[in-house]
Amino acid sequence: MTSLANAPRVLIVDDEAEMCELAAESLRSRGYAASWKRVPAEALAALDEQEYSALLVDINMEEMTGLELCRCALEKQPDLPVIV
């Protein structure tokens, strides 16, 4: 198995666990270090803890919309590529 220690990190944010798992597995199979959060506030906390190469966000979530999350995320990591 290939080590993902130096792989680009992608944070997935979706309130549906199945979608998170599917996206994470797909990214990992392509060499990315993918992790996920179901709660936007937890994703923002994760962005405080480490740098990510990209953020993959669901648009429709209960706590806040994907666009609101993107705005908050870009305040923390202004150069972060975001996919909605």
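This text goes with the structure placed above it.
All of these numbers come straight from a predicted model, not from anything done at the bench.

When a protein is soluble and globular, its nonpolar side chains tend to lie buried together. Grouped together as the largest cluster of nonpolar side chains are 15 residues, with contacts concentrated most on Leu-11, Val-13, Leu-47, Leu-55 and Leu-69. Secondary-structure elements contributing two or more residues to this core are strand 1 (9-13), helix 2 (40-49), strand 3 (54-57) and helix 3 (66-76). The element contributing the most residues to this core is helix 2, with 4 residues. The next biggest cluster of nonpolar side chains, apart from the first, holds 8 residues, and it includes Ile-12, Cys-20, Ala-23 and Leu-27.

On to the sheet that holds strand 1. What the 4 strands build is an open sheet, ordered 2-1-3-4; its pairing is parallel. Because the sheet does not close on itself, it has two edges, and the strands there are strand 2 (33-37) and strand 4 (82-83). Here helix 1 (residues 17-29) sits on the sheet in contact with strand 1, strand 2 and strand 3, set at roughly 170 degrees to strand 2. Contacting strand 1, strand 3 and strand 4, helix 3 runs over the sheet at an angle of about 160 degrees to strand 3.

Along any regular strand the residues' side chains alternate between the sheet's two faces. Taken together, the 5 bridges between strand 1 and strand 2 define a ladder with parallel strand orientation. If you follow Val-13 over to strand 2, its bridge partner there is Lys-37. The parallel pair strand 1 and strand 2 is bridged by helix 1, and the resulting crossover is right-handed.

The next subject is the side chain of Asp-58. Tracing the chain through its elements places Asp-58 in the loop between strand 3 and helix 3. Among buried charged residues, Asp-58 stands out as having no salt bridge; its nearest opposite-charge side chain is Arg-38, 9.7 Å away. A distance of 3.5 Å separates a polar atom in the side chain of Asp-58 from the backbone nitrogen of Asn-60. In contact with Asp-58, not counting residues within four places along its chain, are Val-13, Asp-14, Asp-15 and Gly-66.

Reading the values: the criteria
Residues numbered from 1 in each chain as written. Predicted model: local features only at pLDDT ≥ 70, side-chain atom pairs only at ≥ 80, totals over all residues. Heavy atoms only, no water. Core = buried A, V, L, I, M, F, W, Y, C linked by side-chain atoms within 4.5 Å. Buried < 20%, exposed > 50% of the residue type's maximum accessible area, 1.4 Å probe, protein only. Helix = DSSP H or I, 4+ residues; strand = E, 2+ residues; numbered from the N terminus. Pairing = 2+ DSSP bridges. Contact = heavy atoms within 4.5 Å. Axes fitted to C-alpha atoms, helices over the stretch in contact; angles between N-to-C directions. Right-handed = clockwise from strand over helix to strand, strands pointing away. Lys, Arg positive; Asp, Glu negative; His and termini not counted. Salt bridge = Lys/Arg side-chain N within 4 Å of Asp/Glu carboxyl O. Polar contact = N/O pair within 3.5 Å; in protein donor to acceptor, adjacent residues only side chain to side chain.

The analysis is restricted to geometry; functional conclusions fall outside its scope.
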